[in-house]
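Working through the structure, step by step
Spelled out from the first residue to the last, the chains are:
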Amino acid sequence: MKKILKWFVYGFLMILLSGFIFYLYAYFSTQSRLAHVYNIDTPPFVLQTDSAILAEGSRLMTVKGCRDCHGEDLGGKLWLNDPMLGLIVTPNLTNGKGGLENYSTHDWLVALKHGLSKKRTPLLIMPSNEFSMLTEKDLNALIAYGKQLEPVDRELPKSSIGFLGYLLTSLDAIPMIPAEKVDHSRQLTKFVEQEVTVEFGQYLSVACEGCHRKTMKGGSPVAPGFPPVADISASGNVGTWTEAEFIRTLRTGKTPEGKMLKQEEMPWTITQHYTDVELKALYLYLKSL
Ligand code: HEC
Ligand code: HEC
């Protein structure tokens, strides 16, 4: 009896010890990934701006999800505040109090196209692996608009990763360090014509890839507690919908089958701002798969 108890205690201590060692590994490996300084070589970016470009930049801030994360006024917010996962703060992108200081066009480009800070270390969470696929024209519009934002005075705390955040990051179960998924040597495409074409649809579908995968066939949930991701290629429900039904779904969140999509799982409050041309192009692309 005593012997069994002894082995039980040993076993328990071993489990605790290996858990602790794994945590140490997760902590230090993540810290070292976050401290990595990327040596990137991005050619200078000549910023163009006029009122049409600024209007497009403002629209892109909505449809590319910037306002969703950085707040409606782009003044930043506590994006995630979870004792286990951590505190993730989106910075104030304006030049008000607590905002970006001495932030050049090049710094904007490095953040969006490479997912890196001014110091060239990885930014947390921001999906730059998607933004790095944007055209020069779209990046130009976003940066031009970003640089002239109405100042917002908002001082926010610094982000800090929690216990579970470190474990999930080291298991690559959450997209904590998107810079690692960026092809840093990729050259920018000038622009893609905004027309109802498969090409334009494919360009827009990069925004769906993070969840629906490159194939658009969906799969397992993107994070614990979320539903499986639907197949939106021609082999899924979308294949049976008319263009009008597709557009209505992405504008209202209600599918032709009568299902109400939750905006925190499937961000239709973002796609509702897409233009008709954008939604038609996406439909064309998805049906072609
Ligand atoms: C999923 C949420 C999310 C989305 C979407 C997002 N961001 Fe971010 N962004 C963040 C977070 C979080 C940080 C801070 C990362 C850090 O502190 O390491 C950040 C950082 C930045 C920075 C760098 C600031 C700095 O201090 O270097 C800029 C610039 C920026 N975002 C602009 C944008 C723009 C423009 C868009 C839309 C095209 C956008 N973000 C979309 C979450 C997001
Ligand atoms: C943050 C993750 C996420 C992103 C980004 C995302 N989706 Fe979804 N989408 C989902 C999930 C999860 C479901 C399934 C929801 C459910 O079953 O309730 C879904 C469902 C759908 C549906 C309904 C499919 C059906 O059969 O009912 C359509 C259509 C759709 N998404 C289109 C898109 C398009 C187009 C984009 C890009 C512009 C996109 N989604 C971006 C997560 C996402």
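The following refers to the structure shown. Quick caveat: nothing in here was measured; it's all calculated off a predicted structure. (Residues numbered from 1 in each chain as written. Chains lettered and ligands numbered in written order. Predicted model: local features only at pLDDT ≥ 70, side-chain atom pairs only at ≥ 80, totals over all residues. Heavy atoms only, no water.)

For a metal with four tetrahedral donors the ideal donor-metal-donor angle is 109.5 degrees, while six octahedral donors give ideal angles of 90 or 180 degrees. Those protein atoms acting as donors to the iron atom of ligand 1 are His 70 (NE2) and Met 126 (SD), and they sit at 2.0 to 2.1 Å. Classification of the site at the iron atom of ligand 1 rests on its 6 donor atoms, whose angles at the metal span 82 to 179°, yielding the label octahedral. Placement of His 70 in helix 3 (residues 66–70) and of Met 126 in the loop between helix 4 (105–114) and helix 5 (128–131) is noted, with a sequence separation of 56 residues between them. Met 126 matches His 70 in its accessibility class, with the two residues each being buried. (Donors = N, O, S within 2.8 Å, 3.2 Å for Na, K, Ca; no water. Tetrahedral: all angles 85-135°; square planar, octahedral: opposite > 155°, others 65-115°. Helix = DSSP H or I, 4+ residues; strand = E, 2+ residues; numbered from the N terminus. Buried < 20%, exposed > 50% of the residue type's maximum accessible area, 1.4 Å probe, protein only.)

Note that an α-helix has 3.6 residues per turn; residues three or four places apart therefore point the same way. Burial analysis of helix 4 places 9 of its 10 residues in the buried class, the great majority of the element. When we look at burial in helix 4, the residues that qualify are Thr 105, Asp 107, Trp 108, Leu 109, Val 110, Ala 111, Leu 112, Lys 113 and His 114. Those residues of helix 4 that are buried lie in contact with helix 5 and helix 6 (136–146). (Contact = heavy atoms within 4.5 Å.)

For the rest of this paragraph, the subject is the site of ligand 1. Near ligand 1 there are 21 residues, and of these Cys 66, Cys 69, His 70, Leu 124 and Met 126 occur at the shortest range. Tyr 103 has a polar side-chain atom sitting 3.0 Å from an oxygen atom of ligand 1. A distance of 2.9 Å is found between an oxygen atom of ligand 1 and a backbone nitrogen or oxygen belonging to Leu 124. Residue assignment for the shell around ligand 1 shows that the elements contributing at least two residues are helix 3, strand 2 (86–90) and helix 4. Classifying every residue of the shell around ligand 1 gives 18 nonpolar, 3 polar and no charged. (Near = heavy atom within 4 Å. Polar contact = N/O pair within 3.5 Å; in protein donor to acceptor, adjacent residues only side chain to side chain. Nonpolar A, V, L, I, M, F, W, Y, C, P; charged D, E, K, R; others polar.)

Taken together, the side chains of Leu 5, Trp 7, Phe 8, Val 9, Tyr 10, Phe 12, Leu 13 and Leu 16 present a nonpolar region at the surface, about 900 Å² in accessible area. Residue position: Leu 5 is located in helix 1 (residues 2–35). The exposure class of Leu 5 is exposed, given its relative accessible area of 53%. (Patch = residues over 30% accessible without salt bridge, like charges linked within 9 Å, V, L, I, M, F, W, Y side chains within 5 Å. Areas by Shrake-Rupley, 256 points an atom, 1.4 Å probe, with all protein chains shown as cover. Salt bridge = Lys/Arg side-chain N within 4 Å of Asp/Glu carboxyl O.)

A full pass over the atoms with the stated rule returns 10 aromatic pairs. Geometrically, the ring pair formed by Trp 7 and Tyr 10 is edge-to-face, given 5.5 Å between the ring centres and 85° between the ring planes. Of this pair, Trp 7 and Tyr 10 are both found in helix 1, 3 residues apart, which corresponds to roughly one turn of the helix. Under the relative-accessibility criterion, Trp 7 is labelled exposed at 55%. Note on Tyr 10: relative accessible area 42%, which makes it partly exposed. Seen from their ring centres, Tyr 103 and Trp 108 are 5.8 Å apart, and the 80° between their planes marks the pair as edge-to-face. The same class applies to Tyr 103 as to Trp 108, namely buried. Feature note: the residues Tyr 23, Tyr 27, Phe 28, Phe 163 and Tyr 166 constitute an aromatic cluster, connected by ring pairs. We note Lys 64 situated over the ring of Tyr 203; from NZ or CZ to the ring centre the distance is 5.9 Å. (Phe/Tyr/Trp six-rings, centres within 6.5 Å; stacked < 30°, edge-to-face > 60°. Lys NZ or Arg CZ within 6 Å of the ring centre and 35° of its normal.)

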